[in-house]
Amino acid sequence: MKLGKLVKRFRIERPETFKLSDFDPADTGGFDIEKDEAKKIVADHAKHLANLQERLYAQDKWSVLMILQGMDAAGKDGIVEHVLYGVNPMGCDVHSFKAPNADELDHDFLWRVAQRVPQRGRIGIFNRSHYEECLVVRVHPDILAKQKLPPRLVTKNIWKERFEDIRAFERHLVRNGTIVLKFHLRISKGEQRQRFLDRLDDPNKRWKFNMGDIAERALWPRYMAAYQDMIRKTSTREAPWIVVPADHKWFARLVVSAALIEALEKIDPKFPALQGHSPADLKKVRAVLEAEGAPGKRKVES
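In this text, all values refer to a predicted model and were calculated from it rather than measured experimentally.

### Observations regarding the packing of helix H3 (residues 76–83) against helix H12 (residues 249–267)
Here is step 1: The geometry of H3 relative to H12 is characterised by a closest axis approach of 10 Å and an angle of 60° between their N-to-C directions. Taken together, the axis directions place H3 and H12 in an arrangement best described as oblique. Crossing angle aside, the handedness with which H3 passes H12 is right-handed. Each of Gly78, Ile79, His82 and Val83 in H3 lies in contact with H12, whose residues at this interface are Ala252, Arg253, Val256 and Ser257.
Here is step 2: A per-class count over the contact of H3 with H12 returns four nonpolar, three polar and one charged.

Listed below in structure tokens is the structure:
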């Protein structure tokens, strides 16, 4: 299967009929390749992304916002590390949204993410995002009670209203030149269990483990229901969700890198032409530089 078709397979284009259970976390899209071969493809993608990102940065017109959502240990950090490792850090920003602080709670729920949307020419990555407000907050109503909302605004329609706000926010971004790519990394409960055990066994990964992660596992069905409703209500033509099977890390990275390349190739950013100088001017500059002769051995200053 070609990578373009692969991305289309997991892109939610008919959200009204979306069922999370239709997406197998262990799916590999029919790719009959070895893990090492998949890593090589992702590495090749990274080189291509580096070139596309350089052109995006130089053109300074479009921006890209990547949103990564998934249960704990779904591989969000690994996506950032492996898919984007070749991208120039000057043109890439990563933000990880934790529980809101006091200042953030004194604003609307979209305020803190609006401060972090990428500038033109940049790729921004949200490792968790504004969607936490429709996931963890929905699963834990006590968090909502601490958000200082006027009581009469906290009704049974609050999630419907937040979905409306998010759709409008993302539509605004798209209309102003930001490509919004949203990835739900779909991991199975069994694979999450194994990754937690791996963290406990590896001293270099043990720091990632949080006792609260175990308590969240007990709420798995509620999280899956929240994810399904969220994707149904916020997958739009402008900003569709891509549900990425994530039990196999290599495959998740392959899908995400292919989707990012597809999006950047679609806008096809170009290096801008040098402004304010004629070809004759450039020819004169070249003549001056060449007249200086070949560079000699550089003198080291003491």
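### So, the nonpolar core
Here is step 1: In this structure, Val64, Met66 and Phe183 are the most contacted members of the largest nonpolar core, which totals 80 residues.
Here is step 2: Ranked by residue count, the leading element in this core is H12, at 13 residues.
Here is step 3: Apart from residues lying up to four places away in sequence, Val64 is in contact with Leu56, Pro118, Arg122, Ile123, Gly124, Thr178, Ile179, Leu181, Leu260 and Leu264.

### Quick notes on a positive patch on the surface
Here is step 1: On the surface, a cluster of positive charge is made up of Lys35, Lys39, Lys205, Lys208 and Lys249.
Here is step 2: Structurally, Lys208 is set in the loop between helix H9 (189–201) and helix H10 (211–217).

### What about the pattern of salt bridges?
Here is step 1: Within this structure, the stated rule accounts for 21 salt bridges.
Here is step 2: For Arg9, the salt bridge goes to Asp27, with nearest N and O atoms at 2.9 Å. Here Asp27 lies in the loop between helix H1 (3–10) and helix H2 (35–59) and Arg9 lies in helix H1, a separation of 18 residues in the sequence.
Here is step 3: Between Arg14 and Glu16 there is a salt bridge, with its nearest N and O atoms 3.8 Å apart. Assigned by exposure class, Arg14 and Glu16 land together as exposed.
Here is step 4: Through salt bridges with shared partners, a single network forms among Lys8, Arg11, Glu13 and Glu262.

Scoring rules and cut-offs
Residues numbered from 1 in each chain as written. Predicted model: local features only at pLDDT ≥ 70, side-chain atom pairs only at ≥ 80, totals over all residues. Heavy atoms only, no water. Axes fitted to C-alpha atoms, helices over the stretch in contact; angles between N-to-C directions. Helix = DSSP H or I, 4+ residues; strand = E, 2+ residues; numbered from the N terminus. Parallel < 35°, antiparallel > 145°, perpendicular 65-115°, else oblique. Left-handed = near helix turned anticlockwise from the far one by under 90°. Contact = heavy atoms within 4.5 Å. Nonpolar A, V, L, I, M, F, W, Y, C, P; charged D, E, K, R; others polar. Core = buried A, V, L, I, M, F, W, Y, C linked by side-chain atoms within 4.5 Å. Buried < 20%, exposed > 50% of the residue type's maximum accessible area, 1.4 Å probe, protein only. Patch = residues over 30% accessible without salt bridge, like charges linked within 9 Å, V, L, I, M, F, W, Y side chains within 5 Å. Areas by Shrake-Rupley, 256 points an atom, 1.4 Å probe, with all protein chains shown as cover. Salt bridge = Lys/Arg side-chain N within 4 Å of Asp/Glu carboxyl O. Lys, Arg positive; Asp, Glu negative; His and termini not counted. Charge placed at Lys NZ, Arg CZ, Asp CG, Glu CD.

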